[in-house]
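Structure at a glance
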Amino acid sequence: MSKPVSRNPDPAFIRLAIPNKGRIAGPVHELIEKSGLHLADGGGERRLIARTRDPHVEILFARPIDIPEYVATGVADLGITGKDMVLERGSEVKELLDLQTGRATLVVAVPEESAVESITDLDGARVATEFPGITRAFFAEHGVAVTVVTVGGACEATPHLGIADAIVDLTSSGTTLRTNHLRVVREILTSTTILVANPRSLEIRHEKIDEVVLALDSVLQAKGQCYLMMNVHRSALAGVREILPGLSGPTVMDVASDENLVAVHAVVNEERVYQLINQLKRAGAKDILVMPIERIIR
Ligand SMILES: Nc1ncnc2c1ncn2[C@@H]1O[C@H](COP(=O)(O)OP(=O)(O)OP(=O)(O)O)[C@@H](O)[C@H]1O
Ligand SMILES: O=P(O)(O)OC[C@H]1O[C@H](OP(=O)(O)OP(=O)(O)O)[C@H](O)[C@@H]1O
Ligand SMILES: [Mg+2]
């Protein structure tokens with residue numbers, strides 16, 4: 001038998017579990033890279049543990065469904081997985097950040113031609129799902145007696161195979177439900193990718209955890225924002241100021257080579273840039289640069 005990968009007992013040392021595959025793995029890896037943590041040894045599909053640029057933070061690759069328990073039991077101090085995975089496992093972890101990605105809604109759906117209009121019509125029905133925990137709790141809470149059939153995937157096929165009368169499954173674009181001629185009867189919950197922590201680790205390793213949370217949050221803060229730089233004649237400054245927002249108002253600096261000019265810098269919402277640059281030009285701004293922002297630390 002191979003040796004277990006032991007934990008470093010040093011409280012300055014933490015382990016973060018992230019998805020090794022599946023649809024949320026890509027966005028999570030990207031977040032880790034942008035946060036500056038950076039996977040030191042690549043982190044290919046078959047890796048179990050990877051080091052990061054921070055010698056005190058290591059990454060554990062795991063299936064999203066297993067991450068809540070790895071964090072609850074202290075195999076990892078922090079974990080990134082779907083909120084639905086945490087609820088399904090009922091794990092005792094603390095949510096620290098909503099990463100605002102991997103959004104999907106867990107719904108009760110039935111074949112288009114079914115007579116079922118509301119969940120009470122499902123009394124006595126068979127419900128297929130990859131989420132037996134959430135499904136049982138949901139129907140019990142609403143006093144509807146159902147038989148839960150647990151499947152490992154391709155749940156949408158089960159009503160057509162005669163295995164179930166209804167399903168509880170995730171939907172995001174709605175394509176899979178449409179393709180399989182299923183209609184939504186009820187929404188149960190909406191899930192996004194979240195950062196969770198082991199409650200004990202939060203006490204004993206809080207300094208390092210705070211650092212990781214700050215790094216990840218700084219990427220979220222920068223999302224959709226960009227940095228504008230421009231030169232403005234002093235006489236046009238008041239007009240330009242009116243147009244520009246910024247984190248704490250635009251920054252205005254002297255330009256050494258021309259005392260009539262000032263440099264104006266501001267953080268703006270990406271969606272506004274197209275309109276803003278035209279307004280700024282009309283107000284007298286020139287040499288306008290638009291730059292991406294990787295991270296914002298407030
Ligand atoms: N259609 C979807 N849109 C967005 N997020 C989704 C969608 N389906 C699943 N997710 C999220 O992905 C996570 C599940 O990851 P999982 O490991 O099951 O990967 P997967 O992409 O479903 O791959 P597979 O089912 O092939 O293993 C859950 O947290 C879930 O909320
Ligand atoms: O509304 P849509 O955008 O079509 O997405 C919904 C589908 O995505 C997930 O499937 P996944 O790709 O994880 O395959 P699986 O069913 O085998 O888990 C989910 O289980 C649905 O089947
Ligand atoms: Mg899946």
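Residues numbered from 1 in each chain as written. Chains lettered and ligands numbered in written order. Predicted model: local features only at pLDDT ≥ 70, side-chain atom pairs only at ≥ 80, totals over all residues. Heavy atoms only, no water.

1. Digging into the domain arrangement of the protein
Assigned domains of the protein: these are domain 1 (14–101 + 193–222), domain 2 (104–190) and domain 3 (225–292). Each side of the interface is counted separately: domain 1 has 4 residues, and domain 2 has 6 residues. Summing the contributions of domain 1 and of domain 2, the shared interface buries around 490 Å²; its carbon and sulfur component is 63%. A per-residue breakdown of the area domain 1 buries against domain 2 is headed by Asp84, Leu87 and Glu88, which together make up 83% of the total. There are 0 salt bridges connecting domain 1 and domain 2. (Domains from an automatic or database assignment. Contact = heavy atoms within 4.5 Å. Buried area = accessible area lost by both parts, 1.4 Å probe. Salt bridge = Lys/Arg side-chain N within 4 Å of Asp/Glu carboxyl O.)

2. Re the packing of aromatic side chains
A complete count under the given rule lists 1 aromatic pair for this structure. Judged by centre distance (5.2 Å) and plane angle (80°), the rings of Phe138 and Phe139 are edge-to-face. Its relative accessible area of 7% is what places Phe138 among the buried residues. (Phe/Tyr/Trp six-rings, centres within 6.5 Å; stacked < 30°, edge-to-face > 60°. Buried < 20%, exposed > 50% of the residue type's maximum accessible area, 1.4 Å probe, protein only.)

3. Describing the site of ligand 2
Taken together, 13 residues surround ligand 2, and among them Arg23, Glu156, Ser173, Gly174 and Thr176 come closest. Within the side chain of Arg23, one N or O atom sits 2.4 Å away from an oxygen atom of ligand 2. At the level of elements, strand E9 (166–171) and helix H5 (175–179) are the ones that each hand at least two residues to the shell around ligand 2. If one sorts the elements of the shell around ligand 2 by residue count, E9 sits on top with 3 residues. Residue classes in the shell around ligand 2 are distributed as 2 nonpolar, 7 polar and 4 charged. (Near = heavy atom within 4 Å. Polar contact = N/O pair within 3.5 Å; in protein donor to acceptor, adjacent residues only side chain to side chain. Helix = DSSP H or I, 4+ residues; strand = E, 2+ residues; numbered from the N terminus. Nonpolar A, V, L, I, M, F, W, Y, C, P; charged D, E, K, R; others polar.)

4. Thoughts on the sheet that holds strand E15 (residues 285–292)
With antiparallel pairing, the 4 strands of this open sheet are ordered in space as E13-E14-E12-E15. Across the chains shown, the open sheet's two edge strands, defined by having one partner strand only, are strand E13 (251–254) and E15. Adjacent strand axes in the sheet meet at a mean angle of 20° when their direction is disregarded. Summarising the sheet, strand E12 (residues 225–233) and strand E14 (residues 261–269) pair through 9 bridges and their orientation is antiparallel. Paired with Tyr227 across the strands is Val267, a residue of E14. Strands E12, E14 and E15 of the sheet are contacted by helix H9 (residues 270–283), whose axis makes an angle of about 165° with E15. (Pairing = 2+ DSSP bridges. Axes fitted to C-alpha atoms, helices over the stretch in contact; angles between N-to-C directions.)

5. A word on the side chain of Thr158
Within the secondary structure layout, Thr158 lies in the loop between strand E8 (147–150) and E9. Beyond its immediate stretch of four places on either side in the chain, Thr158 contacts Ala128, Val151, Ile163, Ala164 and Ile167.

6. Here we look at unusual backbone geometry
Located in the positive-phi region is Ala154, a residue other than glycine, with phi close to 45°. Given a relative accessible area of 60%, Ala154 falls into the exposed group. Positive phi, normally seen in glycine, also occurs at Asp287, with a value near 50°. In this structure, Asp287 sits in strand E15.

7. Comments concerning the environment of Glu92
Mapping Glu92 onto the fold places it in the loop between helix H3 (83–89) and strand E5 (94–98). For Glu92, a relative accessible area of 68% translates into the label exposed. Along the primary structure Glu92 and Pro199 are separated by 107 residues, whereas in three dimensions their C-alpha atoms are 7.8 Å apart. Excluding its chain neighbours within four sequence positions, the residues that come into contact with Glu92 are Ala72 and Pro199.

8. Regarding the nonpolar core
Counting 24 residues, the largest nonpolar core has Leu16, Ile32 and Ile80 as the members making the most contacts within it. For this core, the elements supplying multiple residues, two or more each, are strand E1 (14–19), helix H1 (25–34), strand E3 (57–62), strand E4 (78–82), strand E11 (193–197) and helix H7 (206–222). It is H7 that provides the largest number of residues to this core, a total of 6 residues. Of all hydrophobic cores here, the second largest spans 18 residues; its members include Ile119, Leu122, Ile134 and Val168. (Core = buried A, V, L, I, M, F, W, Y, C linked by side-chain atoms within 4.5 Å.)

9. What to know about the side chain of Ser201
Note on placement: Ser201 falls in helix H6 (residues 199–204). At 2.7 Å, the side chain of Ser201 and the side chain of Asp77 are in polar contact. If sequence neighbours within four positions are ignored, Ser201 has contacts with Asp77, His206 and Ile209.

10. Overview of the site of ligand 1
Around ligand 1, the structure places 14 residues, and the nearest of them are Arg23, Arg63, Gly82, Asp84 and Ser172. Arg63 is positioned such that a nitrogen or oxygen atom in its side chain is 2.9 Å from an oxygen atom of ligand 1. In the environment of ligand 1, an oxygen atom lies 2.5 Å from a nitrogen or oxygen atom belonging to the side chain of Asp84. Protein contacts shield 72% of the accessible area of ligand 1, which totals 600 Å² for the unbound molecule. In terms of residue class, the shell around ligand 1 is made up of 5 nonpolar, 5 polar and 4 charged. When residues of the shell around ligand 1 are assigned to domains, at least three fall in each of domain 1 (14–101 + 193–222) and domain 2 (104–190). (Areas by Shrake-Rupley, 256 points an atom, 1.4 Å probe, with all protein chains shown as cover.)

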